[in-house]
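# Chains, contacts and geometry: an overview
Listed here are the chains, written in short residue letters.
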Amino acid sequence: MAKLKPVKELFVLPTENGSFLLYAPLNRCVAEVNSATVSALKSAAREGVDSETHPQLQPLVECGILDEEKKTPSSTCENGRKREYLPTSVTLMPTYKCNLRCVYCYANAGLDAEKDLEWNVAKAAIDLVINNAVKLKTKHASLGFHGGGEPLLACVLPIVKMSVAYFRDACAKHELKGQVNSATNGVFSQETLEWVAENIGHLNISLDGPEVIQNTQRPKAGGQPSFDAVVRTVKYLEEHKKDYGLRATITRESVFYMSDIVRFFKQISSNKSFHLEPLAETGRCFTTGAKAPSSSDFVKYAIEARKVGEELGVGVDYSACRLHEFTTAFCGAVGRNFFVVPTGDVTSCLEVCRKSDPRSNVFFIGTYDANDGFVFDKEKIARLSERTIDKMPYCADCIAKFTCAGDCLAKVYSASGGLYDTRNNKRCGINQDLMVYEIKLLASRRNHDNKQLTA
Ligand code: SF4
Ligand code: SF4
C-alpha cells in the first residue's frame, strides 16, 4: 500500500485544553487530536506513513487529512483558467447622485452634477447579458442596480423602471429565469417604495443600526435624520413579505454597539442573518474624518455580536470570513463582473466607479460605444482573472486563505499599489482571528454533539 502523507493545506491550532485542532480547508475537515498525533503527522510529512501500522491515524485517513501523496490537491483555482468574458448578469449604476450624505461614502456620492446613465447604454447592457445567457444556455440572467449614488433615486427611477420592464420582457421571450436586485439606502417616497416592493426581487438595504448611529453616520443630504424613512421601508417590506437584506457599516464609533445593532435588526426584521462590515477608509472618509474600527475592536465585538445572534437565532455575516464558502477568488472583480457606471464605462469593482479614480486603470474593463456597443479590454480582464489565491505569495500560509482568498481587490490595491501584495491589508488581522474563532466554535459544537468533526 502507498505511503500516506498529510494533505498540503493543513493548519494546526493549539487549543486552551492542551489538544490541537487540525484544519484541512480543501477537505472541509476539522479534527481535534492530541500532541502524539501531531508528532505522528510531522513524521508522516517527512517520510510518509502506513495507516495499518498506525490505527490511531485511521480517522484522519477517513476524513482525507492523510492521503496518498499523488492525490493531494495542489490547487483548486478554477478561476485562473482562461475563459471567455460572457457575463449573464449586469449591475447598472444609474447615477452618482444621492439623497444621503453618509460620512464614509466610498463613491463620494451626491457632490457633482455628473451625468446619469443613458437608456441606450442600459438597453445595450441588458441585450448583452440576455444574448450571453441564450448562447451559454444558462436558463437564467440577472439585472442589478447599485451606487455610485442611490440607484433608486427619483431622478433615475424612469430608467430603472424601463430597464426592469425591458429585462423582464427579454427573459420571458427567451424563457430565461430573470432575477432583479438592488442595493439601496431605503430612503424614498411611498410611491417609489410600493413600486420597488413590487418589482425588485431582492433589496439590499444599508442601515447602520439604532437611531443615533444611523442618523450620525447616514444623514440626509440636508443633514436631516434618515432613520425613520429606512425603518418605514423595512416595515413595509416585512408587511408585504418581500425579500431583502440588512447591512450595517461598522465605524470606529459604532464598533462597540455591534451586539445592539444585531438586537435592533432582530426587532425590526424577520431575516435569518444580517451583514456587518467594517468601514474601509475611502471616498468621503478623507473629508469627514470617518475612521475604520481597529482590528482588535472589530474582532472582539464581532464575536460578541455572533454570540448574541446565536441566542436570537440569527447569523451575523462578514464578507471575508465565510467558513462554509470555500473560494479561490474574493469576488467577481476578478474579471467576471459586468458593472456599468453612469458614464457608460464598465468596471469590475463597485468601489471603483469613477474614471478619475486612479484604480480605474486596473478595474475599468470596457466602455459603451454608440456604434460598436460594449467594447471590452480583454487583456485587463485576463489580468484580473489571474488573481487567485494560489498566486498570492503573502497569503500562502494564511489560515483564512480559502475563505478570504486575498481579500477585496480594490482595498488591497489601495494599500499596496498592486493586486497581489497583501502585506498592508488592514483586514488580515480581522480575517484570521475570526477564522480561528469559527474553527474552534465548529470543533466545540461537534464535540458537544459527538459528531464527526467535518466542516
Ligand atoms: S447612501 Fe450610499 S451612495 Fe448615498 S451617500 Fe450613502 S453610501 Fe454614498
Ligand atoms: S493573508 Fe490576509 S489577504 Fe491573504 S488570505 Fe490571509 S487574511 Fe486574506
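Predicted model, so just to flag it, every value in this text is computed and none were measured.

For the rest of this paragraph, the subject is the overall build of the chain. Each helix and strand in the chain was counted, giving 15 helices and 16 strands. Radius of gyration (C-alpha) of the chain: 24 Å, near the 23 Å computed for a compact globule of 455 residues. Put simply, the chain has 455 residues, and 54% of those count as buried. Considering only intrachain contacts with a sequence separation of at least 6, the fraction spanning at least 24 residues in the chain is 70%. Looking at the chain as shown, the accessible area adds up to about 20800 Å², and 50% of this sits on carbon and sulfur atoms. Of the side-chain charges in the chain, 57 are positive and 54 negative, and the distance between the mean point of each set is 2 Å.

Bringing the nonpolar core into the picture now. In terms of nonpolar packing, the biggest core is built from 130 residues, with L276, F338, F363 and F374 touching the most fellow members. Here the element with the most residues in this core is helix 3 (residues 119–136); it accounts for 9 residues. In this structure, L276 is in contact with A248, I250, M258, I261, V262, F265, F298, V316, D317 and Y318, ignoring residues within four places of it in sequence. Residues L4, A24, C29 and V33 belong to the second largest nonpolar core, which totals 17 residues.

If a probe the size of a water molecule is rolled over the atoms, the empty space left behind becomes visible. Of the pockets and cavities examined, the second largest pocket occupies roughly 610 Å³. Together, 30 residues line the second largest pocket, and A280, E281, T282, E351 and S414 are the ones closest to its centre. Top element by residues in the lining of the second largest pocket is helix 14 (residues 409–416). It accounts for 3 residues.

Right, let's talk about unusual backbone geometry for a bit. For E175, which is not glycine, the phi dihedral falls at a positive 55°. Along the polypeptide, E175 turns up in the loop between helix 4 (157–173) and strand 8 (177–184). Residue classification places E175 among the exposed residues on the basis of a relative accessible area of 71%. One non-glycine residue, K241, adopts positive backbone phi at about 50°. As for its position among the elements, K241 is in the loop between helix 7 (227–239) and strand 10 (243–250).

Taken together, the neighbourhood of ligand 1 is formed by C98, L100, C102, C105, A109, G149, N185, R218 and R284. Partitioned by chemical class, the residues of the shell around ligand 1 number 5 nonpolar, 2 polar and 2 charged.

Glancing now at the sheet that holds strand 2 (residues 11–14). In space, the 3 strands of this open sheet follow the order 2-3-4, with antiparallel pairing throughout. Every other strand in the sheet has two partners, leaving strand 2 and strand 4 (29–33) as the edge strands with one partner each. If you compare each strand with its neighbour and ignore which way they point, the axes differ by 25° on average. With 4 bridges connecting them, strand 2 and strand 3 (residues 20–24) associate as antiparallel partners.

Our next topic: the side chain of N337. Relative to the helices and strands, N337 is located in the loop between strand 12 (315–317) and strand 13 (339–340). Filtering out sequence-adjacent residues up to four positions away, N337 remains in contact with Y85, G332, T347, S348 and I365.

Looking now at the site of ligand 2. All residues in the neighbourhood of ligand 2 are listed as Y394, C395, C398, K401, C404, G406, D407, T422, N425, C428, N431 and Q432. Looking at the shell around ligand 2, the elements with two or more residues in it are helix 13 (401–404) and helix 15 (428–449). The residue makeup of the shell around ligand 2, split by class, is 5 nonpolar, 5 polar and 2 charged.

Moving on, we get to empty space enclosed by the protein. The full count for this structure, using the stated rule, is 1 cavity of 30 Å³ or more. In this structure, the largest cavity occupies an estimated 50 Å³ of space. M258, L276, F298, A302, R306, V316, D317, Y318 and L434 are the residues that line the largest cavity. Every element with two or more residues in the lining of the largest cavity is listed here: helix 10 (295–312) and strand 12. With 3 residues, helix 10 is the single largest residue contributor to the lining of the largest cavity.

This part covers helix 14. If you check which residues of helix 14 are buried, you get L409, A410, K411, V412 and Y413. Looking at the buried residues of helix 14, the elements they touch are helix 11 (360–363) and helix 12 (378–385). G417, located one to two residues past helix 14, shows a positive phi value of around 80°.

Tracing the backbone shows F298 in helix 10. Once residues lying within four places of it in the same chain are set aside, the contact partners of F298 are I250, V255, M258, L276, E277, P278, P293, Y318, I430 and L434.

Turning next to the pattern of salt bridges. Counted according to the given criterion, the structure contains 18 salt bridges. Among the ionic pairs, D357 bridges to R359, the shortest N-O distance being 2.9 Å. Across the salt bridge formed by R423 and D421, the nearest N and O atoms sit 2.9 Å from each other. A residue is classified by how much of its surface remains accessible, and R423, at 55% relative accessible area, is exposed. Put simply, E351, D357, R359 and K411 are held in one network by salt bridges that share partners.

Glancing now at the sheet that holds strand 13. Here we have 11 strands laid out as an open sheet, ordered 12-11-10-9-8-7-6-13-14-15-16, and mixed in their pairing. At either end of the open sheet lies a strand with only one pairing partner, and these are strand 12 and strand 16 (373–376). Relative to strand 14 (residues 345–347), strand 13 runs antiparallel, the two sharing 2 bridges. Note on strand 14: the bridge partner recorded for V340 is V346. Seen against the sheet, helix 7 touches strand 9 (202–206) and strand 10 and runs at an angle of roughly 155° to strand 9.

On to the side chain of T88. In this structure, T88 sits in the loop between strand 5 (66–68) and strand 6 (89–92). Contacts of T88, omitting those with residues within four sequence positions, involve V129, N132, A133, L136, T138, H140, A141 and S142.

Calculation rules
- Every chain is numbered on its own, with residues counted from 1 as its sequence reads.
- Chain letters start at A and ligand numbers start at 1, both assigned in the order the entries are written.
- Given that the model is predicted, a residue must reach a pLDDT of at least 70 before its local features are reported, and side-chain atom pairs must reach 80 or more before they are shown or counted; all residues, however, enter totals for whole chains, interfaces and linings.
- By convention in this description, side-chain values take in all heavy atoms of the structure and omit both hydrogens and water.
- The way it works is that DSSP assigns letters per residue, a run of H or I at least four long becomes a helix, a run of E at least two long becomes a strand, and they are numbered from the N terminus.
- C-alpha atoms define the radius of gyration in this analysis, and the globule rule sets the expected value at 2.2 Å times the number of residues to the power 0.38.
- Relative accessibility thresholds used throughout: buried, under 20% of the residue-type maximum; exposed, over 50%; partly exposed, between the two (1.4 Å probe, protein chains only).
- Contact criterion: two residues are considered in contact whenever any of their non-hydrogen atoms come within 4.5 Å of each other.
- Residue-level accessible areas treat just the shown protein chains as cover; the underlying method is Shrake-Rupley with a 1.4 Å probe.
- Within this scheme the basic residues Lys and Arg register as positive and the acidic residues Asp and Glu register as negative, but His and the chain ends are omitted.
- Here the site of a charge means NZ on Lys, CZ on Arg, CG on Asp, or CD on Glu.
- In this description, a nonpolar core means a group of buried Ala, Val, Leu, Ile, Met, Phe, Trp, Tyr and Cys residues linked to one another through side-chain atoms lying within 4.5 Å.
- Throughout, the protein atoms alone are placed on a 1 Å grid, and a set of points is a cavity if a 1.4 Å probe fits but cannot get out or a pocket if it is open with protein on both sides within 12 Å along at least five of seven lines; lining residues have an atom within 4 Å of a point.
- Grid points are joined across faces, edges and corners, and a volume is the space filled by probe spheres set on the points.
- Think of it this way: one heavy atom of a residue within 4 Å of a molecule or strand is enough to make that residue near it.
- Each residue is assigned to one of three groups, with Ala, Val, Leu, Ile, Met, Phe, Trp, Tyr, Cys and Pro labelled nonpolar, Asp, Glu, Lys and Arg labelled charged, and all others, Gly among them, labelled polar.
- At least two DSSP bridges between two strands are required for those strands to pair.
- Helix axes are fitted to C-alpha atoms over the stretch in contact, other axes to C-alpha atoms as well, and angles between N-to-C directions run from 0 to 180 degrees.
- Whenever Lys or Arg places a side-chain nitrogen within 4 Å of a carboxyl oxygen from Asp or Glu, that contact is recorded as a salt bridge.

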